[in-house]
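Inside the fold
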Amino acid sequence: MEIILTGAFLIDLASAGIRMAAPLLAAALGELFAERSGVLNIGVEGMMLMGALFAVFGSDVTGSPWGGVLAAVVVGGLMALIFAVVTVTLAADQVVTGVAINLLALGLSTYLFRLAYGLQGTMHRVPAFQPFPIPGLANIPVLGPVLFQHTPLVYLAFLLVPVSSFLLFRTMWGMALRSVGEHPRAADTTGVNVLRMRYVAVIAGGMLAGLAGSILTLSQLDVFVENVTAGRGYIALAAVVFGQWMPGGAMASTLLFGLAEAFQLRLQTISTGLPYQLLGTMPYVLTVLALIGVVGRARAPKVLGRPYLREGQRS
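Residues numbered from 1 in each chain as written. Predicted model: local features only at pLDDT ≥ 70, side-chain atom pairs only at ≥ 80, totals over all residues. Heavy atoms only, no water.

Topic: helix α6 (residues 152–169)
With 18 residues, α6 extends 26 Å between its outermost C-alpha atoms, agreeing within 8% with the 26 Å of an ideal straight helix rising 1.5 Å per residue. Its maximal kink placed at Val161, α6 deviates by approximately 25 degrees, while the proline Pro162 follows within four residues. Every buried residue of α6 is listed here: Leu153, Val154, Tyr155, Ala157, Phe158, Leu160, Val161, Ser164 and Leu168. For α6, the secondary structure elements touched by its buried residues are α1 (7–36), α3 (65–89), α5 (143–147), α7 (172–182), α9 (194–221) and α11 (247–268). (Helix = DSSP H or I, 4+ residues; strand = E, 2+ residues; numbered from the N terminus. Expected span 1.5 Å × (residues − 1). Bend = angle between axes of the 7 residues up to and from the residue. Buried < 20%, exposed > 50% of the residue type's maximum accessible area, 1.4 Å probe, protein only. Contact = heavy atoms within 4.5 Å.)

The structure is reproduced here in structure tokens:
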């Protein structure tokens, strides 16, 4: 156990934590946009899963991992469009619809993957991203290995944090989006198209969930396995709440969960005497504890989860 206290172990742990946090962060930022508009997208898990699958398909067909990213983003957006039609236009229950999306993605991804690659498809590797050390920065002691020796998709996920903050809090579009999640009736009377804003937010969220799936299969694993997301979409949902619906807070939350995931993986390689199944629950236990810690203190958008009905529509 002394190895845990060494500098090399801690540097490797921090670097891995950032790498593990990247897909959670991309999905959480996408969910943040949806929830800021008043839409609770439980289906982010399924959108991540389909994004992970189509990232493999796209990379295999085009021979480029960027082709896989494009395919993942498109399929995530399409699934989000379906979700938006059902929940925003038809005003169906958002939680039930999200669960249906997750179940559909779980079954459909398995079927399509086996259809394409057969039962041995888990060994089918595709062109994937390699670490890209940033010149000049990658050689900085400690900080270099931790921050500047990752794949392009990891950098992209973290660059989305300031971009999201700017869009939400420094643009008229962001102000309109936030008003739709707080007072949609008032926003409607000022000329903001509530339904359109929610469509844009949900589809953008689905595209980021697809990007998150591509990070899993093209930046971490290089392969697709059935149910590869393994609940990460739900962790992203928790990160939004734990981060108080702020991009910076979501980043801090996902880094915490990423470090927990990296730590339990490294503990499995050390003779601790603990069952690996118990260690594997660490990120999920941390998620539950984090949610318990913010109960009563987190203030969600006022109309989160409620469909918007114009005057004259039945409730």
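Observations regarding empty space enclosed by the protein
According to the stated counting rule, one finds one cavity of 30 Å³ or more in the structure shown. Reported here for the largest cavity is a volume of approximately 80 Å³. As for the largest cavity, its lining consists of Met20, Leu24, Arg232, Ile235, Phe257, Gly258, Glu261, Pro283 and Tyr284. Residue assignment for the lining of the largest cavity shows that the elements contributing at least two residues are α1, α10 (232–242), α11 and α13 (282–294). (1 Å grid on protein atoms, 1.4 Å probe; cavity = no way out; pocket = protein on both sides within 12 Å on 5 of 7 lines; lining within 4 Å. Points joined across faces, edges and corners; volume = space filled by probe spheres on them.)

A word on unusual backbone geometry
Of note, the phi angle at Val142 is positive, near 65 degrees, even though the residue is not glycine. Position of Val142 among the secondary structure elements: in the loop between α4 (94–117) and α5. The exposure class assigned to Val142 is partly exposed, which follows from its relative accessible area of 48%. A positive phi angle is found at Gln244, which is not glycine, with a value near 60 degrees. Position of Gln244 among the secondary structure elements: in the loop between α10 and α11. According to the relative accessible area criterion, Gln244 is partly exposed, its value standing at 33%.

Side note on the environment of Leu265
With respect to the helices and strands, Leu265 occurs in helix α11. Classification of Leu265 by relative accessible area gives partly exposed; the value is 32%. Sequence-wise, Leu265 and Ala16 are 249 residues apart; in three dimensions their C-alpha atoms are separated by 9.9 Å.

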